[in-house]
Amino acid sequence: MSVALLTDLTVFVLAVLVGFEVISKVPATLHTPLMSGANSIHGIILIGVMIIAGEARTVPEYALVAVAAAFATANVVGGYLVTDRMLEMFRR
Amino acid sequence: MTATETVIRLGYLLAAVAFVLGLHLMNSPATARRGNLVSAGGMALAVVLTVWHLATDRPGATGPLVLAAGVLVGGVAGALLARRVAMTAMPQLVSLFNAVGGGAAALVAVAEYARLAGGPVGVRTTLTTVLDVVIGATTFTGSLVAAGKLQGWVTGSPVLFPGRRAVGLTLVAVVLAGAVWLFVAPSVAVLVVVIVAAAAFGVVMVLPIGGADMPVVISLLNAFTGTAVAMAGFVLDSTALIIAGALVGASGTILTKLMADAMNRSVVSVLVGGFGTGDGPAAAVAATAVRRTTVDDAAIQLAYARKVIVVPGYGLAAAQAQHELSALADLLGGRGVDVRYAIHPVAGRMPGHMNVLLAEANVPYPMLREMDEINPEFPLADVALVVGANDVTNPAARRPGNPVSGMPILDVDKARSVIVIKRSMGHGYAGIDNELYAGERTSMLFADAKSALADLSAAVKTLVG
């Protein structure tokens, strides 16, 4: 196992633990916006699509980039907007 | 590492901090909206940094152009969906975003693998690529089926075709065999076979699960997408992806567990499937065996109560009656009645869904009480008004030996009197009679929730002014 892999693995495990810790304190009232907000965060795959786009040189690769970019952006933009729309309605 | 690279990597770290901070701010309704903005800011920062990183790499023009086109299409589609979706359809939308997120994660790994497959591919890349595409493809199709079931495009009943277990096992075998092959000899074609098998498995996995269990499935698939994204982070050696994916994986796992507990189901039994449709047949308890009430009687009962606890359920949302309920509660509140809402953890179609629906109807969130908080107050309530909630109020849950046994319920039967607004004696998801309806302090108001609540408001105004 390389040092790089071990480092990545460490980061992964610690991030999972942070996730458990942060999420378990969220009240049931906010579970729907929370799920929707967490949903937007996995739109970070857009970064992955961008990296791939920089490396793509063939038509099949371009096709993959186009579809993946549309998917990931819909995830990010739609996710954050709809979460905001929901949270905006919560008032005292 | 060049100075630029250092700055970019530090920027990614900042984005990761923004995600954690954003989730942390979701601890309270007062700060949650800011939390979402902080998280969005982190995402924007990560995107800008990646654009900068790409620009310094000087790639060909075609890749970025194709990327921009995809971003434009996806961005417009996402924005339109987010603006137009009805709050009742939120679970479907979450599921749809799960699907595209998982799909994108799988496609990224395929593209990277195809680029590397010309030469030798390391064990690490093979392992994470396989995990990414298998989880991503399963999530993609599984989430689409789940969204289709909730939207009514795919039947909500469990689809139990003969030999489904055999088909599922065969697909798993194909995935495993393909994975082994990839470790021995890298091949894009084999990877495609693995993806197709995983995608088919996603369909076979979700089809047999009933509509009532869909929220648990969606939450589980949310965790899957997070995990797939983290795996893509391993493939691309991107810490930002690993952290963000791990956060979502953890949150999805916790929510799945909470939800399954609140519905009195284990995650395993949900996945085995064949339970609950959401559309139960008429009950064995004849409608004649229960006490009926009229709008006028119910209105007087409510108007002269000191304390009223409202118990809303999905039936309320299905009838789009949140606004009528809110108007009635305001009217009663104006007369000095102490009105509270009792929210079961799974009221609505997913946890917290009812809170969103009532927020949409301008009900202030301090009036909403969670189950543990409100249950001791039921004996003090003059009237418990149940609107469209069923299984979560069934006292049978306190006894062993029936489908709702052990399920945490709202102690509605302990209120001094109970009014249930319901269209018919139909069953809830669990498919059993609700003993609350036959209780001696319970009276039933058989009507559509929307019109019944409007009529109640009108009656309160005319009868007691």
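Model, not experiment: these values are computed from the prediction.

A. Seen up close, the packing of aromatic side chains. For the coordinates displayed, the defined rule picks out 3 aromatic pairs over all chains. On the numbers, 5.8 Å between centres and 65 degrees between planes, the contact of F12(A) with F234(B) is edge-to-face. Here the residue F12(A) occupies a position in helix α1 (residues 3-23), and F234(B) occupies one in helix α8 (residues 214-236), the pair thus bridging two chains. Per residue, the accessibility class of F12(A) equals that of F234(B), and both read buried.

B. Layout of the interface of chain A and chain B. Listed by partner, the interface residues are 77 residues for chain A and 99 residues for chain B. When chain A packs against chain B, the two sides together hide about 8000 Å² of surface, and 77% of this comes from carbon and sulfur. Looking only at chain A, the three residues that lose the most surface to chain B are M35(A), I44(A) and M50(A), adding up to 9% of its buried area. At the surface where chain A touches chain B, the tally comes to 3 salt bridges. Among the ionic pairs, E55(A) bridges to R115(B), the shortest N-O distance being 3.1 Å. Inspection of the region where chain A meets chain B yields 17 residue pairs in polar contact (both at pLDDT 80 or more). Listed by contribution, the elements that provide at least two residues to the side of chain A that touches chain B are α1, α2 (31-41), α3 (45-55) and α4 (59-89) of chain A. Considering each element in turn, the side of chain A that touches chain B owes the most residues, 28 residues, to α4(A). Counted by class, the side of chain A that touches chain B contains 49 nonpolar, 18 polar and 10 charged residues.

C. Spatial organisation of the domain arrangement of chain B. Residue and element names in this part refer to chain B. Taken domain by domain, chain B holds domain 1 (3-272) and domain 2 (287-464). Each partner contributes to the interface: domain 1 provides 15 residues, whereas domain 2 provides 21 residues. Between domain 1 and domain 2, the buried area comes to about 1400 Å², and carbon and sulfur atoms account for 73% of it. Where domain 1 meets domain 2, there are 1 residue pair in polar contact (both at pLDDT 80 or more). If you list the elements that add at least two residues to the side of domain 1 that touches domain 2, you get α2 (29-57), α4 (90-116) and α9 (239-262). Considered class by class, the residues forming the side of domain 1 that touches domain 2 number 12 nonpolar, 2 polar and 1 charged.

D. Structural view of the sheet that holds strand β2 (residues 338-343) of chain B. All names here are of chain B. With respect to topology, 6 strands assemble into an open sheet ordered β3-β2-β1-β4-β5-β6, the strand pairing being parallel. Looking at which strands have only one partner, the edges of the open sheet turn out to be β3 (368-370) and β6 (442-446). Strand after strand, the sheet turns through a mean of 25 degrees between neighbouring axes, direction not considered. Sheet analysis places β2 next to β3, joined by 3 bridges and oriented parallel. If you follow Y341 over to β3, its bridge partner there is L368. Packing against the sheet, helix α13 (residues 322-334) makes contact with β1 (307-312), β2 and β4 (383-387), and its axis sits at approximately 145 degrees to β2.

What counts as what
Residues numbered from 1 in each chain as written. Chains lettered and ligands numbered in written order. Predicted model: local features only at pLDDT ≥ 70, side-chain atom pairs only at ≥ 80, totals over all residues. Heavy atoms only, no water. Phe/Tyr/Trp six-rings, centres within 6.5 Å; stacked < 30°, edge-to-face > 60°. Helix = DSSP H or I, 4+ residues; strand = E, 2+ residues; numbered from the N terminus. Buried < 20%, exposed > 50% of the residue type's maximum accessible area, 1.4 Å probe, protein only. Contact = heavy atoms within 4.5 Å. Buried area = accessible area lost by both parts, 1.4 Å probe. Salt bridge = Lys/Arg side-chain N within 4 Å of Asp/Glu carboxyl O. Polar contact = N/O pair within 3.5 Å; in protein donor to acceptor, adjacent residues only side chain to side chain. Nonpolar A, V, L, I, M, F, W, Y, C, P; charged D, E, K, R; others polar. Domains from an automatic or database assignment. Pairing = 2+ DSSP bridges. Axes fitted to C-alpha atoms, helices over the stretch in contact; angles between N-to-C directions.

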